[in-house]
Amino acid sequence: MNLFRQSVSITGLTLVPMTGCPSSSLKIHGRLDSAQFTGLSLLGLLFRDRVEMDHLRLCLSGAIAALAHDSLRVATDGPMGRNPDVWSVAIGSFSVVMHSSSVINQAGDTIICHDPGVSMSGKDLRFIIGQEDAHASFGVQGLLLSTDSLVGRMASGYAWSVRNFRIDQALGTLHLLRTRIGPSLGVEAFSATLPSETDVIEARLDTMLFDGFDLVKAFTQKVYSFRQMQLTSGSVLVLRDKVAADGKDHEKPLLSHLIRSFPLGSGADSIIVHGLDVEYRERVDVQRGYAVIPFTEIEAVITGARHTANDTSGLIVRAGAVAFGAASISFLLRARIADTTDRFVIEASIGPMPFSALNSATGPLVDIRATEGRIDTVTYRMIADDHLASGAVRMRHRGLQLASGGRKSQQAGYRIESAILNALVRSTSHNKIDDARDGRFTFERRRDRAIFIYLWSGLREGVKAELLPGALAN
């Protein structure tokens, strides 16, 4: 320590768990390998509740930080008088390295960063600890932060991981590699532990790149704004077990509502999705197992996904994919972010595929499978809002033959049911386009279901209306 030169150097300091102070908002223990404070203001430290220095260098190992509550947002003693617990921090430049460190919040969620750990540097860092608007005081320039092998274990039973996380404030970029999230037990095992029916989600993305990111605005105003987001090579699995008891799922917002829920200015001018697979699994009967509804090789461009004060701002989603491993899909969605009814319009077309490709869905859901037949084209249009959907499906198909599932083919009951099914359904659409029948539908939205299920429900109802006589379709 050299007080005349205003510098302090510490090496080999062990931080032990703090006891006897239950009201502390932050508890840290671990090893401080080295610390250097240069240009430290002793007057500010001793008399002004201010930590001020020219340069800070820290290296920690095995640090564990436990947050009892929000350590930045602490209420003041009131507008009158000075609160001795309020400290301001100003650092000219800094460099911090943390090896194998972890953070635990009050809910029991744990974030662990394995070696090589966290590396952070920057300049002109300033913030205030202990006052109500502490977040608004945050400022930094030239921040460069990177982590490797970041893992989170949540009290809810979910876990997540990020292979590499990097923020470059100068470039305005946020980069994540090999991101994963899902239940620690796996989707089906975790679903079996839940007391009621709900969505269970597992997802991975190999690359997430956010460009045009304002870090300070995100921290101080909670405005997360990007020029462009790129999501490359990933998969999403949504599982729902309807065999379980009905629950009280919270309402799932539609796209416009979701974007409006963020502070004004949040969102992205464009989102590019490349190589994404989405699979929905649903079970209505234990013996028949889960229906599988896959959409793979999704390529999408989303524009206007931003919460603005402009009432005319529009959201457009253009996408292509492969359905059930066999048919190409083109998809267009239009919506107005400011429309509080959350109204949107979709138009989609599905290319040719054998009817049997749908057996992974129709078998478990309705105990029916196709033995013959082919779909030539499907066009699908739906107009929907937060409460109601209507639209039509037009399908050109030929040679459809169905069989009742679940029993052996030699049983008489099986043959009778299959014969009745084939007598009821339209095995072939009309040859003339003018004679083709639209499968029209109208239904109320289940507001505790996500938008993907809403879109699937419209297609399902339209196909039923097109294939079956009116009384049976309803």
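Undergrad: Lay out the overall build of the chain in plain terms, naming residues and giving numbers.
TA: Regarding its fold elements, the chain presents eight helices and 21 strands. Across the 474 residues that make up the chain, the buried fraction comes to 41%. Looking at the chain alone, contacts between residues at least 24 apart form 65% of all its contacts between residues at least 6 apart. Total accessible area on the chain stands at roughly 25,000 Å², and carbon and sulfur atoms take up 57% of it.

Undergrad: Can you lay out helix α7 (residues 451–467) for me, pointing to particular residues and giving the numbers?
TA: A turn of α-helix holds 3.6 residues, and therefore any two residues three or four places apart point the same way. When the terminal C-alpha atoms of α7 are compared, their 25 Å separation across 17 residues agrees well with the 24 Å that a helix rising 1.5 Å per residue should span. Taken across its 17 residues, α7 has twelve buried, putting it largely inside the fold.

Undergrad: Now, about the environment of A218: what can you tell me, with residues and values included?
TA: Note that A218 resides in helix α3 (residues 215–221). Taking the relative accessible area as the measure of exposure, A218 reaches 4% and is therefore buried. With 48 residues separating them along the chain, A218 and S266 place their C-alpha atoms 9.0 Å apart.

Undergrad: Give me the packing of aromatic side chains: which residues, what numbers.
TA: Scanning all chains against the criterion turns up twelve aromatic pairs. Each ring, one from F213 and one from F226, has its centre 5.3 Å from the other, and the planes form 20°; the classification is stacked. With F213 in the loop between β11 (199–211) and α3 and F226 in strand β12 (residues 225–241), this pair connects stretches of sequence that are 13 residues apart. Since its relative accessible area comes to 11%, F213 is described here as buried.

Undergrad: Run through the confidence of the model for the chain, naming residues and quoting values.
TA: Within the chain, residue pLDDT values average 85, and 85% of them lie at 70 or more. Taking the mean pLDDT of every element in the chain, the minimum, 49, falls on helix α8 (residues 470–473) and the maximum, 97, on strand β10 (residues 173–183). Throughout residues 71–82 the model reports pLDDT below 50, and contacts reaching past four residues in sequence, or to other chains, amount to 28 contacts.

Undergrad: Tell me about a nonpolar patch on the surface, and please be specific about residues and values.
TA: On the surface, a cluster of nonpolar side chains totalling about 500 Å² of accessible area is made up of L42, L43, L45, L46 and F47. Looking at where L46 falls in the secondary structure, it is placed in helix α1 (residues 42–47).

Undergrad: Let's hear about the side chain of S137: which residues, and what values?
TA: Looking at the secondary structure, you find S137 in the loop between β7 (118–129) and β8 (139–153). Separated by 2.9 Å, the side chain of S137 and the backbone nitrogen of I128 make a polar contact. In contact with S137, other than residues within four places in its own chain, are R126, F127 and I128.

Undergrad: Could you give me a rundown of the pattern of salt bridges, with the residues and numbers involved?
TA: Evaluation of the coordinates by the stated rule reveals 26 salt bridges. Close ionic contact of R240 with D199 constitutes a salt bridge, the shortest N to O distance being 2.6 Å. One end of the pair, R240, is in strand β12; the other, D199, is in strand β11, and 41 residues separate them in sequence. Here the two residues R240 and D199 agree in accessibility, since each one is buried. Two residues, D438 and R394, come together in a salt bridge whose shortest N-O distance is 2.7 Å. Of the two residues, D438 is situated in the loop between α6 (412–424) and β21 (439–444) and R394 in strand β20 (residues 388–404); the sequence distance between them amounts to 44 residues. By relative accessible area, D438 is classed as partly exposed at 23%.

Undergrad: Could you give me a rundown of the environment of V187, with the residues and numbers involved?
TA: In this structure, V187 sits in helix α2 (residues 187–193). Put simply, V187 and D199 are twelve residues apart on the chain and 9.6 Å apart in space, counted from C-alpha to C-alpha. If we ignore the near neighbours within four places in the chain, the residues touching V187 are V200, I201, E202, L237 and L239.

Undergrad: Which residues make up the pairing of strand β6 (residues 110–113), and what are the values?
TA: Alignment of strand β5 (residues 101–104) against β6, held across four bridges, turns out to be antiparallel. By the bridge assignment for β6, S102 is matched with I112. Across four bridges, the pairing between β6 and β8 is antiparallel. The residue of β8 that forms the bridge with T110 is R153.

Undergrad: Before we move on, can you summarise the nonpolar core with the specific residues and values?
TA: If you look at the biggest cluster of nonpolar residues, it comprises 90 residues, and the most contacted ones within it are I271, L315, F324, F344, Y380 and M382. Broken down by element, the residue count for this core peaks at seven residues, all from α7. Beyond its immediate chain neighbours, meaning those up to four positions away, I271 contacts M229, L231, A300, V301, I302 and A305. Ranked by size, the runner-up nonpolar core spans seven residues in total, among them V187, F190, V200 and Y290.

Undergrad: Can you break down unusual backbone geometry residue by residue, with the values?
TA: Cis geometry marks the peptide bond from D115 to P116; its omega dihedral reads 5°. Here P116 lies in the loop between β6 and β7. One non-glycine residue with positive phi stands out, namely S233, at about 60°. Relative to the helices and strands, S233 is located in strand β12. If you check the backbone angles, D342 has positive phi at about 60° while not being a glycine. Locating D342 in the fold gives a position in the loop between β16 (327–336) and β17 (344–350).

Undergrad: Can you lay out helix α5 (residues 359–366) for me, pointing to particular residues and giving the numbers?
TA: Here α5 has its buried residues at A361, G363, P364 and L365. Along its buried surface, α5 packs onto β13 (267–283), β14 (290–306) and β19 (368–384). Phi turns positive, to about 60°, at D367, one or two residues after α5.

Undergrad: Tell me about the pairing of β16, residues and numbers included.
TA: Note that strand β15 (residues 314–323) and β16 share ten bridges and pair antiparallel. Residue pairing for β16: I316 is matched across the bridge by R334. The hairpin turn running from β15 into β16, its antiparallel successor, is three residues long, and F324 in that turn takes a positive phi close to 55°. As paired strands, β16 and β17 are joined by seven bridges and run antiparallel to one another.

Cut-off values and rules
Residues numbered from 1 in each chain as written. Predicted model: local features only at pLDDT ≥ 70, side-chain atom pairs only at ≥ 80, totals over all residues. Heavy atoms only, no water. Helix = DSSP H or I, 4+ residues; strand = E, 2+ residues; numbered from the N terminus. Buried < 20%, exposed > 50% of the residue type's maximum accessible area, 1.4 Å probe, protein only. Contact = heavy atoms within 4.5 Å. Areas by Shrake-Rupley, 256 points an atom, 1.4 Å probe, with all protein chains shown as cover. Expected span 1.5 Å × (residues − 1). Phe/Tyr/Trp six-rings, centres within 6.5 Å; stacked < 30°, edge-to-face > 60°. pLDDT = per-residue confidence, 0-100. Patch = residues over 30% accessible without salt bridge, like charges linked within 9 Å, V, L, I, M, F, W, Y side chains within 5 Å. Salt bridge = Lys/Arg side-chain N within 4 Å of Asp/Glu carboxyl O. Polar contact = N/O pair within 3.5 Å; in protein donor to acceptor, adjacent residues only side chain to side chain. Pairing = 2+ DSSP bridges. Core = buried A, V, L, I, M, F, W, Y, C linked by side-chain atoms within 4.5 Å.

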